[in-house]
Amino acid sequence: MSSSSRKKPFDLIRRGEKKPTLSGTLTFIGLRVADVPLQHALLSPSTRLGANLLTSLGLRTIYTTPPPSVSPSLLLPITNLLSSSSSPPSYCPSRSLGWMSPLASLPPTPLLLFLMSVGSATKQIYWHLALSQDSFPASAAVAVSAYNTLVNSGNALLFLALGSTSLLSRPSIPIPFLSNPIAAITNGGSTATAIPLSTLVGAALYVVGMTIETVSERQRAEFKSRTENKGRVCMQGLWRWARHVNYLGYALWRGGYCMVGSGWVGGLLMALVQGWDLSQRAVAVQDEYCSNRYGEQWVRFKKEVPYRIVPGVY
């Protein structure tokens, strides 16, 4: 097959087209913000949107059939675990926390998953408003938003489903500042609540990935904002690690997000799937665009920075 007849890699962004797209911006912001309350409703033990959906499909959930091998304290609201009180646990916080009440009603892992959905929406809105200059039509905004909501919701449902929840992941690590009120009542003493190690590792990967993606994209935007750098390739900062280092960040935080929901296997699979898609599709799109735009500069950049996504590996 000749290069002229080869299928062009799929890309939603109109690269090189610097034109404001108000409809795309408003659509993207609206849909990404709308994902936040949806994730809360899916994860909440009070609304139980996600648990009810899984139950309607004939699947057991951690709320309807709590696994006996998991400490019941992991299904209690976070306020119960942060309190040193030995009063009987409840699904409803004992005191009003104002606008934070929806957060306080979530157990530890659902709270973490919810905060990850907030973080991803915030980062992506920031990217669109402050870092990206390419045209982003409403059709692309809908597609990107729908994908993120689908994956986020999948993570929530994997956590809630009894057969795939990360609560069953082993080993677990006691967290000193999370008390176990049930143990305090039954044993007469305070015992730290143990969190699966995969949850902690997933949270760390999320933070590291978000940092790499955001910092690298910010460095590139600042580089291109300077007049003397017009028409030049950004070869500074994290871009000395790999030519598409922001994709490494994305794969890491997506994998970490999924690991918090479904444990080791789910997180690793998600990271591998995202890494494969980015390496096979997104890198091809960027390479073609940058080769046409920067010419010899891009050829030199590829020689100086031989790694595509993972520094020292690929």
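As the structure is a prediction and not an experimental result, all values here were calculated from the model.

S.K.: What is the right way to look at the overall build of the protein in this model?
M.R.: A count of helices and strands for the protein gives ten helices and two strands. Across the protein, helices and strands are ordered from the amino to the carboxyl terminus as α-α-α-α-α-α-β-α-β-α-α-α. Relative to its full complement of 314 residues, the protein shows a buried share of 46%. Here the analysis covers contacts within the protein between residues at least 6 apart in sequence; of these, 76% occur between residues at least 24 apart.

S.K.: What am I meant to see in the environment of Gly154 here?
M.R.: Mapped onto the secondary structure, Gly154 falls in helix H6 (residues 138-160). Placed 108 residues apart in sequence, Gly154 and Ser262 show a C-alpha to C-alpha distance of 9.9 Å.

S.K.: Whenever I open this one, the nonpolar core confuses me. Can you help?
M.R.: Nonpolar side chains tend to gather and get buried jointly when the protein is soluble and globular. Counting residues in hydrophobic clusters, the biggest one holds 47 residues, and the most contacted among them are Leu43, Ile62, Phe159, Leu167 and Leu278. Put simply, the parts of the chain that give this core at least two residues each are helix H1 (22-43), helix H2 (49-56), helix H5 (108-131), H6, helix H8 (197-225) and helix H9 (245-294). Ignoring anything within four residues of it in the chain, the contact list for Phe159 reads Leu43, Ile62, Thr109, Pro110, Leu113, Thr165, Ser166, Leu167, Val260 and Gly261. Of all hydrophobic cores here, the second largest spans seven residues; its members include Val233, Met235, Cys290 and Trp298.

S.K.: Help me understand the packing of aromatic side chains, please; the structure alone is not making it clear to me.
M.R.: A ring pair, where both rings are aromatic, is described by two values, the distance of the centres and the angle of the planes. Per the stated rule, a full pass over the model turns up six aromatic pairs. A centroid spacing of 5.9 Å and a plane angle of 90 degrees characterise the contact between Trp127 and Phe136, whose relative ring orientation is edge-to-face. With a relative accessible area of 2%, Phe136 lands in the buried category. One aromatic cluster is present, formed by Tyr206, Tyr250, Trp253 and Tyr257 through successive ring pairs.

S.K.: Would you explain H1 in this entry?
M.R.: In an α-helix, one turn spans 3.6 residues, which is why side chains three or four residues apart end up on the same side. Its 22 residues place the ends of H1 32 Å apart at the C-alpha level, agreeing with the 32 Å of an ideal helix rising 1.5 Å per residue. Buried positions along H1 lie against H2, helix H4 (101-104), H5 and H6.

S.K.: How should I be thinking about the side chain of Ser153 in this particular structure?
M.R.: By the element assignment, Ser153 lies in helix H6. Here Ser153 falls in the buried class, since its relative accessible area comes to 13%. Only 3.1 Å separates the side chain of Ser153 from the side chain of Gln39, close enough to count as a polar contact. With near-sequence residues (within four places) excluded, Ser153 lies in contact with Leu38, Gln39 and Leu42.

S.K.: In this structure, what is going on with the side chain of Glu217? I would like to understand it.
M.R.: Tracing the sequence through the fold places Glu217 in helix H8. When sequence neighbours within four positions are dropped, the list of residues in contact with Glu217 reads Lys123, Trp127, Leu131, Trp239 and Asn246.

S.K.: Is there a simple way to explain the packing of H6 against H9 in this structure?
M.R.: Contact geometry of H6 with H9 gives a least axis separation of 14 Å together with a crossing angle of 20 degrees. Between H6 and H9, the angle falls in the class roughly parallel. Of H9, the residues touching H6 (which contributes Tyr147, Asn148, Val151, Asn152, Asn155, Leu158 and Phe159) are Tyr250, Trp253, Arg254, Tyr257, Cys258, Val260, Gly261, Ser262, Met270 and Gln274.

S.K.: Help me understand a nonpolar patch on the surface, please; the structure alone is not making it clear to me.
M.R.: Residues Leu53, Leu57 and Leu59 make up a contiguous nonpolar surface patch of roughly 290 Å² in combined accessible area. Checked against the element boundaries, Leu53 lands in helix H2.

S.K.: Please explain unusual backbone geometry as it appears in this structure.
M.R.: For the peptide bond that leads from Arg170 to Pro171, omega is 5 degrees, which places it in the cis range. The topology assignment puts Pro171 in the loop between H6 and strand S1 (172-180). Within the chain, Arg48 stands out as a residue other than glycine whose phi angle is a positive 55 degrees. As for its position among the elements, Arg48 is in the loop between H1 and H2.

S.K.: It is not clear to me how the pattern of salt bridges should be interpreted in this structure. Could you clarify?
M.R.: Scanning the model with the defined rule gives eight salt bridges in all. The partner of Arg32 in a salt bridge is Asp35, and the shortest N-O contact between them spans 3.7 Å. Taken together, the residues span about one helical turn, with Arg32 and Asp35 both in helix H1 at a distance of three residues. Neither Arg32 nor Asp35 differs from the other in exposure class; each is buried. Of the charged contacts in the structure, one is a salt bridge between Glu222 and Arg218, with a shortest N-O distance of 3.0 Å. Residue Glu222 and its partner Arg218 are located together in helix H8, separated by four residues, close to a single helical turn. Residue Glu222 is classed as partly exposed on the basis of its relative accessible area, which comes to 37%.

Reading the values: the criteria
- Residues numbered from 1 in each chain as written.
- Predicted model: local features only at pLDDT ≥ 70, side-chain atom pairs only at ≥ 80, totals over all residues.
- Heavy atoms only, no water.
- Helix = DSSP H or I, 4+ residues; strand = E, 2+ residues; numbered from the N terminus.
- Buried < 20%, exposed > 50% of the residue type's maximum accessible area, 1.4 Å probe, protein only.
- Contact = heavy atoms within 4.5 Å.
- Core = buried A, V, L, I, M, F, W, Y, C linked by side-chain atoms within 4.5 Å.
- Phe/Tyr/Trp six-rings, centres within 6.5 Å; stacked < 30°, edge-to-face > 60°.
- Expected span 1.5 Å × (residues − 1).
- Polar contact = N/O pair within 3.5 Å; in protein donor to acceptor, adjacent residues only side chain to side chain.
- Axes fitted to C-alpha atoms, helices over the stretch in contact; angles between N-to-C directions.
- Parallel < 35°, antiparallel > 145°, perpendicular 65-115°, else oblique.
- Patch = residues over 30% accessible without salt bridge, like charges linked within 9 Å, V, L, I, M, F, W, Y side chains within 5 Å.
- Areas by Shrake-Rupley, 256 points an atom, 1.4 Å probe, with all protein chains shown as cover.
- Salt bridge = Lys/Arg side-chain N within 4 Å of Asp/Glu carboxyl O.

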